Amino acid sequence: MSSRVLIVDDAQFMRDLLRDILEQGGMEIVGEAENGRQAVEQYKLLNPDLVTMDIVMPLRSGIEALIDIRAIDDAAKVIVCSALGQESMVNEAVSAGAKDFIVKPFQADDVLNIVRRVLA
Amino acid sequence: MIQILPFTMGGGLYGLSLTDIQEVVDDAPIHYLPGAPVGILGAINLHGRILPVVDLPAQFGHDVGPRAERMIVLSNAKSALVLAVDTVRSVLNVEAALAEVCRPVADQEGVAGLLDWKGETIRMLSLEVLWEDIRHLCEMSGG
Amino acid sequence: MDMSKYKSMFLSETEEHLRNMSALLVAVENDPADRDGIDALFRDAHSIKGMAASMGYTQMADLAHHLEDFLADFRKAGTIDPAAIDHLLQGTDLIEEVLAEIAADRPEPDVSAFMFAAPQAEDAPQNEHRLRLTLRENVVAPGARLLLLMGVFSEMGQIAAQRPSMEELKAGGAHRKIQFVLTGSLSRATIEEKVQCYPEVAELSFSDPGDERAPERRKQDRRQNSLASGTVRVDTVLLDRFINLTGELLTTRYALKTALKEQDLRELGEGLGQLEKLVGNLHSQVLKMRMMPVSTVTGRLPRVVRDLCRSNGKEIELKISGAGIELDRSILEEMSDPLMHLVRNAVDHGIERSGTVCIDVLRTRSHVQLRIEDDGRGMDPQLLRRRAREKGLIGERQAEVMRDADALQLICLPGFSTVDRVSETSGRGVGMDVVRSAVENLGGSLLIDAAPQAGTRITVTLPLSVAIIKILLFECAGKLLAMPLSRVIQTQLLSADKVLRRGKQRVFELKGETLPLLSLRKILGFSSPQGPTSLAVIVMELFGRRVGLVVDHFCGHQDVFVKKLPPPFDRLRGTGGGAVLGDGRVVFILDVQSLLEQQR
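Scoring rules and cut-offs
Residues numbered from 1 in each chain as written. Chains lettered and ligands numbered in written order. Predicted model: local features only at pLDDT ≥ 70, side-chain atom pairs only at ≥ 80, totals over all residues. Heavy atoms only, no water. Contact = heavy atoms within 4.5 Å. Buried area = accessible area lost by both parts, 1.4 Å probe. Salt bridge = Lys/Arg side-chain N within 4 Å of Asp/Glu carboxyl O. Polar contact = N/O pair within 3.5 Å; in protein donor to acceptor, adjacent residues only side chain to side chain. Helix = DSSP H or I, 4+ residues; strand = E, 2+ residues; numbered from the N terminus. Axes fitted to C-alpha atoms, helices over the stretch in contact; angles between N-to-C directions. Left-handed = near helix turned anticlockwise from the far one by under 90°. Nonpolar A, V, L, I, M, F, W, Y, C, P; charged D, E, K, R; others polar. Pairing = 2+ DSSP bridges. Core = buried A, V, L, I, M, F, W, Y, C linked by side-chain atoms within 4.5 Å. Buried < 20%, exposed > 50% of the residue type's maximum accessible area, 1.4 Å probe, protein only. Patch = residues over 30% accessible without salt bridge, like charges linked within 9 Å, V, L, I, M, F, W, Y side chains within 5 Å. Areas by Shrake-Rupley, 256 points an atom, 1.4 Å probe, with all protein chains shown as cover. Lys, Arg positive; Asp, Glu negative; His and termini not counted. Charge placed at Lys NZ, Arg CZ, Asp CG, Glu CD.

### A few points about the interface of chain B and chain C
Contact with chain B, which involves 27 residues of that partner, is made by 25 residues of chain C. Interface area for chain B against chain C, summed over the two sides, is near 2200 Å², with a carbon-plus-sulfur share of 69%. By the criterion of area lost to chain C, the three top residues of chain B are Tyr-32, Pro-34 and Ile-50 of chain B, representing 32% of everything that side buries. The residue Arg-571 of chain C makes a salt bridge to Glu-139 of chain B at a minimum N-O spacing of 3.2 Å. Taken together, the connections running from chain B to chain C amount to 3 residue pairs in polar contact (both at pLDDT 80 or more). Tallying contributions element by element places helix 3 (residues 127-141) of chain B first for the side of chain B that touches chain C, with 6 residues.

Below you can see the structure in the form of structure tokens.
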């Protein structure tokens, strides 16, 4: 059974890219959300095994959405995606319970490696 | 149901089972192969693979006439073979039972049997003999 | 948000997960090491937990969470014990009860008692590890990375004496190193294994009391390939690089797609540049995968020498150095027999009673050199000249002007042999002419050094990889042909008045040397004579002699990937393989020597 992943990012390009990488890695993308609010709604409905969460997004940031999701499911596996130079936000996200993080621009194998070890 | 690809060369009608055929190529330029013996026309670039083209009519002793540039690509585990023929017809769906009752043929080397189909006789190629002939052709040229 | 409309979906899905779990539990009971089964159970519990939590059914969520946690330990261990299965079966029964209550719109029953009754895992002996961890230089957000890693370590046991502390890490700053004491049941090897999947870690060192082992990390398995099997074992590091590259290609594809959509020429240009770089990189990685150590072909030589010494009563020591140097596997395949022959020659004809045969492998920037050297009787250039003259292999004048160094190379001429009687072990089968042409077909060269009574040294220089070679393209009678540049001594346009006649043979002068002219048209069987204004001549060596090969005209150089023809066509004479040019045309590498041999 392949792992079910929810992709959260406000950029279509990044969502497509992540979808491709994760699908190549044998994962099933069960949903996409383009802001923090949608992310929380989708999480409730889909109960995915993993969420990739962009940090900077409109309508609730990735960190806020992460906190909301963890409130619903404290074992939720959320990986945050940040850009270079957002290290303090990454620190914040990890402190708030993100299971790991990936930094854009990222490489497919790094993403898969991180996703797999979080799912393991 | 067995699918058969009929093709002509030297005025004769021949056939191959579709399961032996990788693809049919039109109009691929044939490139010069230095030192190739009579019977090998040159080589084509098939999706980046370099494959020699066997002049099938010549193999069967037919006069080499003007040729429509149709080529049938056969492949097995070890190698691939491109056969230049005159024309290729559309695929026939033949009852397996009918294909089984292929008439044996004695006088024609390289033909596994004769299949009667709607008033015509299709000479089914024997791939074993064909491969053997080509191996022989190459060995003769080589050491 | 009103969740009630999802209730029926929740009920049916939870039922399905429960059915799954009970079937899986029975299966796992029969095969306690069924990892997949345990994993699937874990996922089912996880799914139930998530759904129940979303719907606000806290008792069921807690219960499912408890089962999930309970399973996590067995998941790590990869096996499950019967007591645990009993507990899990009771747990799923309980969930079913709760589910029935929910379906009947009644409040959830309290399930906390069940969770306290969980069987406890046995106490394992405790180990204390003093750890020091360093991240790689290029890791981004190292502070956050250390925070995550400490989370991983804290699952392995108790953390103490951590510096920097969690608070310091959360506060930010560029921490790359951390040290701490980990107390838990895990062994050092297990901890190391768990850290393996974190490539961000540059080093993890243990300073356990009484532990003398040097820190070893990420040692790669030596590849043990055999030439005989068509398979190659690949270093996982290489495979990782492939995945890397594939990922980058994917990213580039996206960038290109976007650039195309937006008609952004600059982006397109950059994307294509990136693509070019990646494809080049991919190619070099694939070539790397084909590399194998020379020892794959030298490995059998000590045994061969030993057996030869047994049969001819000689005492010979074989020394091999540099066999760890790597070459493309196809080169090694082709070199296997020639190398054997050279060593046999040294044993049979070089060394008289006792001596040493050395094989030294040396690596330069673009080549690998194999030196096969013996301290035997060597060779006398004068003798070789006379012999070649007697056999009619060279002319009178040629024998006179030939330098000693060139005379030594005469033994590579077909029909030349340094001993009359065919030795039992060499001389038969592969002669020196075959050795040399094998080397040259690989784009390499062979040089013989010797002096009377002072040993023989044969130096074989090989390219690291045959896959890509530089070729000279030329036309003959309208046909495109190619030759490896390494075979071409020089190219020359010769005006018609420079062509001389010596008897029936057309010749020309090159730096004071008279070379015969051979018409490629004639060799290839094209009758039509060519226009006599000027001749395009390739100066090359054929059967050990320099000749001028007349072609129609030159068409430039190219780097190509040469492929052999598939069998049985690889037996055809006249070509060493073909290459697909950038425009899709196929060009064959001309092997003049084999064509001439056939026509003799």
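### Section: the packing of helix 1 (residues 12-24) of chain A against helix 9 (residues 236-261) of chain C
Where helix 1 of chain A contacts helix 9 of chain C, the axes come no closer than 11 Å and their chain directions differ by 145°. In the crossing of helix 1 of chain A with helix 9 of chain C, the sense of the turn from one axis to the other is right-handed. Of the residues in helix 9 of chain C, those in contact with Phe-13, Asp-16, Leu-17, Asp-20, Ile-21 and Gln-24 of chain A of helix 1 of chain A are Leu-250, Thr-251, Arg-253, Tyr-254, Ala-255 and Thr-258 of chain C. Considering only residue class, the contact of helix 1 of chain A with helix 9 of chain C consists of 6 nonpolar, 3 polar and 3 charged.

### Re the interface of chain A and chain C
The interface of chain A with chain C comprises 36 residues on the first partner and 39 residues on the second. Between chain A and chain C lies a buried interface of about 3100 Å² when both sides are counted; carbon and sulfur atoms form 59% of it. Sorting the residues of chain A by area buried against chain C places Asn-47, Asn-91 and Arg-117 of chain A first, and these three jointly supply 18% of that buried surface. At the surface where chain A touches chain C, the tally comes to 4 salt bridges. Between Arg-253 of chain C and Asp-20 of chain A there is a salt bridge whose closest N-O contact spans 3.4 Å. Elements with a minimum of two residues in the side of chain A that touches chain C: helix 1, helix 2 (36-46), helix 4 (87-95), strand 5 (100-104) and helix 5 (108-119) of chain A.

### Some thoughts on the sheet that holds strand 10 (residues 445-450) of chain C
Residue and element names in this part refer to chain C. Reading across the sheet, the 5 strands line up as 6-8-9-11-10 and stay open at both edges, with mixed pairing between neighbours. Edge positions in the sheet fall to strand 6 (315-321) and strand 10, since each of these pairs with one other strand and no more. Each strand axis lies, on average, 10° off the axis of its neighbour in the sheet, ignoring direction. Here strand 6 pairs with strand 8 (residues 354-363) via 7 bridges, running parallel. Within strand 8, the residue paired with Ile-320 across the bridge is Ile-359. In the packing of helix 12 (residues 301-312) onto the sheet, the strands contacted are strand 6 and strand 8, and the crossing angle to strand 6 comes to about 170°. Against the sheet, helix 13 (residues 329-350) makes contact with strand 6, strand 8, strand 9 (367-374) and strand 11 (456-463), and its axis sits at roughly 20° relative to strand 9, the strand it touches most.

### A few points about the environment of Val-38 of chain B
Tracing the backbone shows Val-38 of chain B in the loop between strand 3 (21-26) and strand 4 (40-46). Distance in space between the C-alpha atoms of Val-38 of chain B and Gln-59 of chain B is 9.1 Å, their sequence separation being 21 residues.

### Describing the nonpolar core
Residue and element names in this part refer to chain C. Counting 52 residues, the largest nonpolar core has Leu-370, Met-432, Leu-446, Ile-448, Val-460 and Leu-462 as the members making the most contacts within it. The greatest single-element share of this core, amounting to 9 residues, is contributed by helix 13. Ignoring sequence-local partners within four residues, the contact set of Met-432 consists of His-341, Leu-342, Asn-345, Ile-411, Cys-412, Leu-446, Ile-448 and Ile-458. If you look at the next biggest cluster of nonpolar residues, it comprises 47 residues, including Ala-144, Leu-146, Leu-147 and Leu-182.

### Comments concerning the sheet that holds strand 3 (residues 50-54) of chain A
Adjacent strands of a sheet pair through backbone hydrogen bonds, lying either parallel or antiparallel. All names here are of chain A. Ordered in space as 2-1-3-4-5, the 5 strands form an open sheet in which the pairing is parallel. Looking along the sheet, the strands with just one partner apiece sit at the ends: strand 2 (28-33) and strand 5. In this sheet, neighbouring strand axes are inclined to one another by 20° on average, regardless of whether the strands run parallel or antiparallel. Strand direction decides the pairing type here: strand 1 (residues 4-8) and strand 3, joined by 4 bridges, are parallel. Looking at the pairing, Val-8 lines up with Met-53 of strand 3.

### Remarks on unusual backbone geometry
Geometrically, the link from Arg-163 of chain C to Pro-164 of chain C is a cis peptide bond, its omega value of -5° lying close to zero. Take Pro-164 of chain C: it is sitting in the loop between strand 2 (158-163) and helix 7 (166-170). We note that Lys-118 of chain B has phi near 45°; this positive angle belongs to a residue other than glycine. Following the sequence through the fold, Lys-118 of chain B ends up in the loop between strand 10 (111-117) and strand 11 (120-125). One non-glycine residue, Gln-263 of chain C, adopts positive backbone phi at about 55°. Looking at where Gln-263 of chain C falls in the secondary structure, it is placed in the loop between helix 9 and helix 10 (265-289). On the basis of relative accessibility, which here comes to 64%, the residue Gln-263 of chain C falls in the exposed class.

### Remarks on a negative patch on the surface
Residue and element names in this part refer to chain C. Together, Glu-15, Asp-93, Glu-96 and Glu-97 line one region of the surface with negative charge. For the negative patch, the element with the highest residue contribution is helix 4 (residues 82-103), accounting for 3 residues. Summarising the element assignment, Asp-93 is placed in helix 4. What makes Asp-93 partly exposed here is its relative accessible area of 44%.

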